[in-house]
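Observations on chain architecture
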Amino acid sequence: MWPKTLVGFFLGLLLSISLVLNLNLLLPFSESTKLMIGLVLAFPIWAGILVWSYAFSSAKAACRPLFAIFIPSLLLNTALLLIR
């Protein structure tokens, strides 16, 4: 139970930050609107990923789909930041 909790907590946090950063880099709104959207979306995404990690039989099984989402999101973050 603890390994799945830690995987969901830390990978969920990184994934939530990465997804919200992608969204903020792509949206054409003002900075304050982007900040509000990020604040509203980040916690539910993180909590959803944390709960989703309990659906797997082990922490290793939970890592696979989380990394499969995190790696492309991280690459998109990098590309968007370099373009900017």
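Below or above, wherever it landed, is the structure these notes cover.

**Observations concerning the packing of aromatic side chains**
Enumeration according to the criterion identifies 5 aromatic pairs in this entry. Pairing Trp-52 with Phe-56 gives two aromatic rings, centres 5.3 Å apart and planes at 70°, and the pair type is edge-to-face. Taking 6.5 Å as the distance between ring centres and 65° as the angle between the ring planes, the aromatic pair formed by Phe-67 and Phe-70 counts as edge-to-face. A residue pair is termed a helical-turn pair when its members lie 3 or 4 positions apart in one helix, as Phe-67 and Phe-70 do in helix H3 (residues 59-83) at 3 residues. Take Phe-67: its relative accessible area is 39%, and that puts it in the partly exposed class. Using a relative accessible area of 12% as the deciding quantity, one classes Phe-70 as buried. Taken together through their ring pairs, the aromatic side chains of Phe-9, Phe-10, Phe-43 and Trp-46 make up a single cluster.

**Looking at the side chain of Thr-5**
On the secondary structure map, Thr-5 appears in helix H1 (residues 2-26). Since its relative accessible area comes to 18%, Thr-5 is described here as buried. Residue contacts for Thr-5: discarding those within four places in its chain leaves Leu-50 and Tyr-54.

**Observations concerning the nonpolar core**
Core analysis: the largest hydrophobic core is formed by 9 residues, namely Val-7, Leu-11, Leu-15, Ile-49, Ala-59, Ala-62, Cys-63, Leu-66 and Phe-70. Those elements giving two or more residues to this core turn out to be H1 and H3. Examining the composition of this core, we find that 5 residues originate from one element, H3, more than from any other. Once you skip the residues sitting within four places of it in the chain, Leu-15 turns out to touch Ile-49, Leu-66, Ile-69 and Phe-70.

**Quick notes on H3**
The end-to-end C-alpha distance of H3 is 35 Å, a good match for the 36 Å that 25 residues give at a rise of 1.5 Å each. Of all the bends in H3, the greatest measures close to 30° and is centred on Leu-66. Within the span of H3, buried status applies to Ala-59, Ala-61, Ala-62, Cys-63, Leu-66, Phe-70, Ser-73, Asn-77 and Leu-80. The inward-facing, buried residues of H3 contact H1 and helix H2 (31-52).

Reading the values: rules and limits
- Residues numbered from 1 in each chain as written.
- Predicted model: local features only at pLDDT ≥ 70, side-chain atom pairs only at ≥ 80, totals over all residues.
- Heavy atoms only, no water.
- Phe/Tyr/Trp six-rings, centres within 6.5 Å; stacked < 30°, edge-to-face > 60°.
- Helix = DSSP H or I, 4+ residues; strand = E, 2+ residues; numbered from the N terminus.
- Buried < 20%, exposed > 50% of the residue type's maximum accessible area, 1.4 Å probe, protein only.
- Contact = heavy atoms within 4.5 Å.
- Core = buried A, V, L, I, M, F, W, Y, C linked by side-chain atoms within 4.5 Å.
- Expected span 1.5 Å × (residues − 1).
- Bend = angle between axes of the 7 residues up to and from the residue.

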